[in-house]
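What follows is the residue order along each chain.
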Amino acid sequence: MSVEAVAQIKVKSDPESIQTAAEQFLTKTDAARQDLIRLVMEGHLRGIIGQLTVEEIVKQPEMVGDQVRSTCATELSKMGLEVVSFTIKEVRDQNDYIVNMGRPDVARIKARCDIAAAESDRDTAIRRAVAMRESAVAKAQADQERVLAETLSLTKQAEAQRDLDIKKAEYLELTKRQQAQADKAYEIQANVMQQAGDG
């Protein structure tokens with residue numbers, strides 16, 4: 001496993017630390033100073049990382065940084081230096097352990113998403129079926145009411161036609177009776193006149 005980190009180091013502000021740093025580093029080149037500080041930081045970082053699990057290093061980089069700062073503080077202080085900041089930039093491994101470490105979480109999240117999508121599809125299908133059933137019930141009720149209204153209308157029409165036919169028949173019968181009475185009265189009158197003419 002390889003861990004890349006960035007550290008900012010500075011000379012402490014008190015006169016004793018400034019003098020100590022001057023004694024330690026003024027005679028060295030920039031490269032030599034950086035190498036010395038890097039060795040101290042890398043040594044402490046290796047020591048801390050060796051005690052932690054990969055999961056702790058990857059998931060809690062701030063905790064690793066805090067431990068490095070606190071363990072380096074004494075040794076750097078002896079050189080008149082202090083850590084301003086320490087950040088883990090990247091954690092890599094050659095066996096893809098870190099990549100594979102997240103796969104169960106990814107699979108779990110994907111499974112939850114798939115389940116949520118299936119539940120959403122199910123709920124949509126249920127709502128669609130309920131809406132279709134309600135629509136079918138409403139249409140059946142409307143059809144039933146229409147048929148009932150048509151039947152009622154046809155019944156009223158038949159009753160009106162029957163009543164009309166009855167009135168026509170009554171009128172026709174009345175007319176025939178009156179015609180028969182008129183014919184009988186005419187016959188009687190004709191007989192009376194004939195008898196009067198004979199007599």
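The model shown is predicted, which means the values in this text are computed figures rather than measured ones.

(A) Representation of the overall build of the protein. Scanning the protein from terminus to terminus reveals 6 helices and 2 strands. Start at the N end of the protein and walk to the C end: the helices and strands fall as β-α-α-α-α-β-α-α. Taking 16 Å as the expected radius of gyration for a compact globule of 199 residues, we find that the protein reaches 57 Å, considerably beyond that expectation. With 199 residues in all, the protein has 14% of them scored as buried. Considering only contacts in the protein between residues 6 or more positions apart, those separated by 24 or more positions represent 77%. With an accessible surface of roughly 15300 Å², the protein has 55% of that area assigned to carbon and sulfur atoms. Across the protein, the 28 positively charged side chains and the 33 negatively charged ones have centroids separated by 1 Å.

(B) Fine view of the packing of helix α2 (residues 30-50) against helix α4 (residues 61-77). At a minimum axis distance of 9 Å, the contact between α2 and α4 shows a crossing angle of 135°. Viewed along their axes, α2 and α4 adopt a mutual orientation that is oblique. In the packing of α2 onto α4, the handedness of the crossing is right-handed. Between α2 and α4, the contacting residues are V40, M41, H44, L45 and I48 on the first element and V64, Q67, V68, T71, C72, E75 and L76 on the second. Tallied by class, residues from the contact of α2 with α4 come to 8 nonpolar, 3 polar and 1 charged.

(C) Seen up close, the layout of surface pockets. By volume, the largest pocket amounts to about 320 Å³. Along the wall of the largest pocket there are 13 residues; nearest its centre are A5, A7, R38, M41 and E42. Listing elements by their share of the lining of the largest pocket, those giving two or more residues are β1 (2-11) and α2. Approximately 190 Å³ is the volume found for the second largest pocket. Lining the second largest pocket are I9, V11, A21, A22, F25, L26, D30, R33, Q34, I37 and L81. Only β1, α1 (15-25) and α2 provide two or more residues apiece to the lining of the second largest pocket.

Parameters at a glance
- Residues numbered from 1 in each chain as written.
- Predicted model: local features only at pLDDT ≥ 70, side-chain atom pairs only at ≥ 80, totals over all residues.
- Heavy atoms only, no water.
- Helix = DSSP H or I, 4+ residues; strand = E, 2+ residues; numbered from the N terminus.
- Rg over C-alpha atoms; globule rule 2.2 N^0.38 Å.
- Buried < 20%, exposed > 50% of the residue type's maximum accessible area, 1.4 Å probe, protein only.
- Contact = heavy atoms within 4.5 Å.
- Areas by Shrake-Rupley, 256 points an atom, 1.4 Å probe, with all protein chains shown as cover.
- Lys, Arg positive; Asp, Glu negative; His and termini not counted.
- Charge placed at Lys NZ, Arg CZ, Asp CG, Glu CD.
- Axes fitted to C-alpha atoms, helices over the stretch in contact; angles between N-to-C directions.
- Parallel < 35°, antiparallel > 145°, perpendicular 65-115°, else oblique.
- Left-handed = near helix turned anticlockwise from the far one by under 90°.
- Nonpolar A, V, L, I, M, F, W, Y, C, P; charged D, E, K, R; others polar.
- 1 Å grid on protein atoms, 1.4 Å probe; cavity = no way out; pocket = protein on both sides within 12 Å on 5 of 7 lines; lining within 4 Å.
- Points joined across faces, edges and corners; volume = space filled by probe spheres on them.

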